[in-house]
Amino acid sequence: MNTLPATATTSLPHSLSLYVHIPFCETKCPYCDFNTYAGIEQMMPAYVEALVSEIERWGAALSRPAVTTIFMGGGTPSYLPAHDLEAVLAAVRRAFGVMPDAEATMEANPGDLLRDRPASLSRLGFNRLSIGVQSLDDGLLRLLGRRHTAQEAADAYRAVRRAGFENVNLDLMYGLPHQSMAQWRDTLDGALALGPEHLSLYCLTLEEGTPMEQQVRLGALPEPDGDLAADMYLHAEETLAREGYRHYEISNWARPGLESRHNLTYWRNGPFLGVGPGAHSYLGRWRFHNLASPREYVRSMAAAELAGAAPATLSEETLASFPVMGGVEFLDVSLEMAETMMMGLRLDEGVSLASFESRFGRRMDAVFGEQLAELTGLGLLERDDSVVRLTARGRLLGNEVFLRFFG
């Protein structure tokens, strides 16, 4: 844990977004490096008990703030039994002031959404689903280690619609080994034929140490073609614009008004709390994360003493009192400003000059004038009197743009 200034304190948040991590998977995909685990289903009851305890502890520590969005991710939240999902959501409602119009999203695998499962999720209070389709090509699904077929993905989507869900996201992947442009077009066209409100399109990243990265490194799979991946991205931009989707974030498209409210909290650098092993949080200028191991997480929560009275402010002492705390950082203003630029520029709305000045008490040009001039000259940023945003070329080279603000 970092050593922090003894005087570092921030006020308690009045409202926040809540992320709930479910680390269980029936099988682990070969490209995945998330904090998820297969073969530990026997831990589910103890895990849910620990998660409920952490949620209740945070509700008391933060004096029951309003929650505007809930996102249950993983892992595979849809793999968790319905009674466990119900227990977790009940704890959230007891511990926080969940807004009546809160967006409540759950990530789900297609194979978990057949028969009556979608209806039960709706009854529990979820009003948005994010379905991990990834591809509508059965060969590529096998390559990705997915446990569903293209037909099962389509069947799951239709089951979700029959259950009354009106806000559905489909996750798709491109830039895969052996993936052709024709396969990508077919997957995108197939997804559009279903009619989702939201699409998240992710280029494969070969994360070090994952089975797929090792296969590529050893020559068992071909290196993904970066130029082809860029062409796939451009094809998606053109196709989705023609179909009326708003390209509101580098990797995300939505019908107007149905953008992911939870993820907008991240991209606008707003306050969010993460619960569960390895979950990250950002409250005030505090950034912190939980222990990653589910076993350590359960053990630490079980051994925890009862929480004391709610503090008036967030401080190192407050955060360190949490039994599952894995690390804490107090952000200096320069880093907070750089992260606000990095996250905000991912959005088509860009970063408002007025909002930046209101938040930090300094004009954007006074802080990043050199970077803005350079990136505008390179054709990667555009600006007017009110906002700075990425150009079309800047979206393709986003990481190079973002790095400039951390120099």
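**Student:** Is there a simple way to explain the pairing of strand 9 (residues 198–203) in this structure?
**Tutor:** For a regular strand, side chains alternate in direction, first toward one face of the sheet and then toward the other. The pairing of strand 8 (residues 168–174) with strand 9 spans six bridges and is parallel. Residue pairing across strands places Asp171 opposite Ser200, the latter belonging to strand 9. After leaving strand 8, the chain enters helix 6 (residues 181–194) and then returns to the sheet as strand 9, a path that is right-handed. With three bridges joining them, strand 9 and strand 11 (residues 252–254) adopt antiparallel strand pairing. Bridging across to strand 11, Ser200 finds its partner in Asn252.

**Student:** For this particular structure, what's the right way to read helix 12 (residues 333–344)?
**Tutor:** In an α-helix, one full turn covers 3.6 residues, which means residues spaced three or four apart are oriented alike. The first and last C-alpha atoms of helix 12 sit 16 Å apart over twelve residues, in line with the 16 Å expected at 1.5 Å per residue. Within helix 12 the residues assigned to the buried category are Glu336, Met337, Ala338, Glu339, Thr340, Met341, Met343 and Gly344. Packing partners of the buried residues in helix 12 comprise helix 9 (261–267), strand 13 (280–283), strand 14 (286–290), strand 17 (351–352), helix 13 (353–360) and helix 14 (364–377).

**Student:** Can you walk me through the nonpolar core in this structure?
**Tutor:** Generally speaking, nonpolar side chains in soluble globular proteins are found buried as a group. Among the nonpolar cores identified, the biggest contains 100 residues, and Trp58, Leu201, Leu273, Leu345 and Phe405 are the most heavily contacted of them. For this core, the element with the most residues is helix 1 (residues 44–61), which contributes nine residues. Ignoring anything within four residues of it in the chain, the contact list for Phe405 reads Ala338, Met341, Leu345, Phe368, Gln371, Leu372, Leu375 and Leu381. One finds Cys29, Cys32, Leu143 and Met173 within the second-largest nonpolar core, a separate group that totals twelve residues.

**Student:** Please explain the environment of Gly145 as it appears in this structure.
**Tutor:** Note on placement: Gly145 falls in the loop between helix 4 (138–143) and helix 5 (150–162). Among the residues examined, Gly145 registers a relative accessible area of 27% and is labelled partly exposed. Here the alpha-carbon distance between Gly145 and Lys28, two residues 117 residues apart in the chain, equals 7.6 Å. With near-sequence residues (within four places) excluded, Gly145 lies in contact with Thr27, Cys29 and Pro30.

**Student:** What is the right way to look at helix 6 in this model?
**Tutor:** Taking 1.5 Å of rise per residue, 14 residues should cover 20 Å, and helix 6 covers 20 Å from first to last C-alpha, within 8% of that figure. Listed in full, the buried residues belonging to helix 6 are Met181, Gln183, Trp184, Thr187, Leu188, Ala191, Leu192 and Leu194. The buried residues of helix 6 occupy one face: seen down the axis, they fall within an arc of 165°. Helix 6 presents Asp186 and Ala193 as exposed residues on the side facing more than 90 degrees away from its buried surface. On its buried face, helix 6 sits against helix 4, helix 5, strand 8, strand 9 and helix 8 (226–242).

**Student:** Could you clarify how one ought to interpret the pairing of strand 14 in this entry?
**Tutor:** Alternating residues of strand 14 divide into Trp286, Phe288 and Asn290, all buried, and Arg287 and His289, none buried. Relative to strand 14, strand 13 runs antiparallel, the two being bridged by four bridges. Directly across from Leu283, in strand 14, lies its bridge partner Trp286. Counting the residues that bridge the hairpin from strand 13 to strand 14 gives two residues, and of these Gly284 lies at a positive phi of roughly 60°. The pairing of strand 14 with strand 16 (residues 325–330) spans five bridges and is antiparallel. The partner of Trp286 across the bridge, within strand 16, is Phe330.

**Student:** How should the side chain of Thr69 be read in this particular structure?
**Tutor:** Mapped onto the fold, Thr69 is located in strand 5 (residues 66–74). For Thr69, the side chain forms a polar contact with the side chain of Ser17, separated by 2.7 Å. Residue contacts for Thr69: discarding those within four places in its chain leaves Leu16, Ser17, Leu18, Glu103, Arg261 and His262.

**Student:** I keep staring at the pattern of salt bridges and nothing clicks. Help me out?
**Tutor:** Oppositely charged side chains may form a pair once their charged atoms are brought near each other. One pass over the full model with this rule turns up 18 salt bridges. When salt bridges that share partners are traced, they join Glu26, Asp112 and Arg147 into one network.

**Student:** How should I be thinking about the environment of Ala229 in this particular structure?
**Tutor:** With respect to the element layout, Ala229 can be found in helix 8. Not counting chain neighbours up to four residues away, the residues in contact with Ala229 comprise Tyr174, Gly175 and Cys203.

**Student:** Even after reading the chapter, I still don't get the packing of aromatic side chains, so can you show me in this structure?
**Tutor:** A ring pair, where both rings are aromatic, is described by two values, the distance of the centres and the angle of the planes. What the rule picks out here adds up to 15 aromatic pairs. Taken together, a centroid distance of 5.6 Å and an interplanar angle of 40° make the contact between Tyr47 and Tyr297 tilted. Pair noted here: Tyr47 is in helix 1 and Tyr297 is in helix 10 (residues 294–303), with a separation of 250 residues, a long-range link. Assessed through its relative accessible area of 0%, Tyr47 is described here as buried. Relative to Trp184, the ring of Tyr174 lies with its centre 5.4 Å away and its plane at 45°, an arrangement referred to as tilted. Highlighted residues: Tyr174 in strand 8 and Trp184 in helix 6, separated in sequence by ten residues. For the pair Tyr174 and Trp184, one class covers both residues: buried. In this structure an aromatic cluster arises from ring pairing among Tyr174, Trp184, Tyr233 and Trp253.

Rules and cut-offs
- Residues numbered from 1 in each chain as written.
- Predicted model: local features only at pLDDT ≥ 70, side-chain atom pairs only at ≥ 80, totals over all residues.
- Heavy atoms only, no water.
- Pairing = 2+ DSSP bridges.
- Helix = DSSP H or I, 4+ residues; strand = E, 2+ residues; numbered from the N terminus.
- Right-handed = clockwise from strand over helix to strand, strands pointing away.
- Expected span 1.5 Å × (residues − 1).
- Buried < 20%, exposed > 50% of the residue type's maximum accessible area, 1.4 Å probe, protein only.
- Contact = heavy atoms within 4.5 Å.
- Core = buried A, V, L, I, M, F, W, Y, C linked by side-chain atoms within 4.5 Å.
- Arc of directions from axis to C-beta.
- Polar contact = N/O pair within 3.5 Å; in protein donor to acceptor, adjacent residues only side chain to side chain.
- Salt bridge = Lys/Arg side-chain N within 4 Å of Asp/Glu carboxyl O.
- Phe/Tyr/Trp six-rings, centres within 6.5 Å; stacked < 30°, edge-to-face > 60°.

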